[in-house]
Amino acid sequence: MREFLIAGNWKMNGSSAASDTLVSGIVDGIPEGGGFRLLVCPPFPYLASVAIQVSSSAISLGAQNVSEHKAGAFTGETAASMLKELGCGYVIVGHSERRAIFGETSEQVAAKYIAAQAAGIVPILCVGETLEEREASATEDIIDGQLDAVLDAAGVDSFASAVIAYEPVWAIGTGMTATPEQAQDVHRHIRVRLAEQNAELADTVQILYGGSMKGENAPGLLSMPDIDGGLIGGASLKADDFLAIAAAAAAAH
Ligand code: 13P
C-alpha cells in the first residue's frame with residue numbers, strides 16, 4: 001500500500017516567529033499511527049531554521065521552487081544543490097501559480113524536475129486545469145500535456161523518485177474543492193497514463209490532491225483509491241488545521 005504524503009505549501013506567508021510557532025505546533029501534535037509522512041515547504045528564508053526544528057522529528061522539509069540551472073549568473077535563483085545542502089528532501093515544481101503568474105512553461109518545469117532529481121531531491125510535479133479548461137472538457141488533455149513534457153524529457157522511470165500533485169486551479173485558494181469522485185477520476189487518469197509506459201511503477205507513484213483540502217474534506221478525498229495525500233495551502237498555515245488532515249490520513253490508512 002502506498003504511504004500518504006501530507007504536504008504543506010506555505011506559499012509566501014508568515015514571518016520568522018510565525019514559522020517557529022507553526023513548526024513547533026506540528027512537531028508537538030503529530031498524530032499516532034503510521035502510513036503517512038508529513039512535509040512542510042516554507043518560504044526560502046525560513047528553510048534553514050525549519051530544517052533545525054524538524055531535524056529530530058519525522059517531518060520532512062521541502063522548497064517551493066528551484067532553478068533549472070546548476071550554478072552561475074542567475075540573480076535571485078536557487079540551485080537544487082543549495083536546497084539539498086539545507087536538508088530539503090522535496091521541492092515543488094510547476095505549481096499553477098508559477099505557471100500562470102511567472103510564465104513557467106512545461107518545458108521549464110521539466111528542466112526543474114530534472115535538476116531536482118540530479119541533486120537527489122524528490123520533485124513534486126504539479127498539474128491541473130483551469131475552470132475554463134474543465135468546462136471545455138479539456139481537463140485530461142491539459143494534464144496529459146503537462147505530464148508528457150516531463151515524461152518526454154525525463155522518462156517514465158524517473159517517477160520512481162517523484163511525486164505528482166493534481167491541483168485543479170479552480171479549487172486553489174477558492175474554498176471550492178473537487179469532489180472525491182472528480183479528483184479520483186483525474187488521479188486515475190494520471191496513473192493510467194503512467195501505466196501505459198510502466199505499469200508496475202505507476203502503481204507505486206504517490207499522487208496528491210491539492211485545492212482547498214482541509215480537515216473536513218480530507219477523509220472523503222483520502223478514502224479514494226488513487227489519492228495518496230494532499231498538497232495543502234491555506235490549511236497548512238495553522239498547526240491544528242494541518243494536523244487535522246494528518247489525523248485523517250492516519251485514520252484512512
Ligand atoms: P489551498 O489549499 O489554499 O487551496 O492551496 C492549494 C495549493 O495550491 C497547494 O499547493
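So, here's what we can say about the structure.

Conventions adopted
Residues numbered from 1 in each chain as written. Predicted model: local features only at pLDDT ≥ 70, side-chain atom pairs only at ≥ 80, totals over all residues. Heavy atoms only, no water. Axes fitted to C-alpha atoms, helices over the stretch in contact; angles between N-to-C directions. Helix = DSSP H or I, 4+ residues; strand = E, 2+ residues; numbered from the N terminus. Parallel < 35°, antiparallel > 145°, perpendicular 65-115°, else oblique. Left-handed = near helix turned anticlockwise from the far one by under 90°. Contact = heavy atoms within 4.5 Å. Nonpolar A, V, L, I, M, F, W, Y, C, P; charged D, E, K, R; others polar. Near = heavy atom within 4 Å. Polar contact = N/O pair within 3.5 Å; in protein donor to acceptor, adjacent residues only side chain to side chain. Areas by Shrake-Rupley, 256 points an atom, 1.4 Å probe, with all protein chains shown as cover.

What follows covers the packing of helix 5 (residues 106-118) against helix 7 (residues 139-154). Two elements in contact, helix 5 and helix 7, have axes whose closest approach is 9 Å; the angle formed by their N-to-C orientations is 50°. Classified by the angle their axes make, helix 5 and helix 7 are oblique. Note that helix 5 runs across helix 7; the crossing there is right-handed. Along its contact with helix 5, which presents Ser106, Glu107, Ala110, Tyr113 and Ile114, the element helix 7 presents Gln146, Ala149, Val150, Ala153 and Ala154. The residue makeup of the contact of helix 5 with helix 7, split by class, is seven nonpolar, two polar and one charged.

On to the site of the ligand, then. Taken together, 13 residues are adjacent to the ligand, and Lys11, His95, Gly173, Ser212 and Gly234 come closest. Within the side chain of Lys11, a nitrogen or oxygen atom sits 2.8 Å from an oxygen atom of the ligand. Protein contact buries 95% of the 300 Å² of open area that the ligand shows by itself. The residue makeup of the shell around the ligand, split by class, is four nonpolar, seven polar and two charged.

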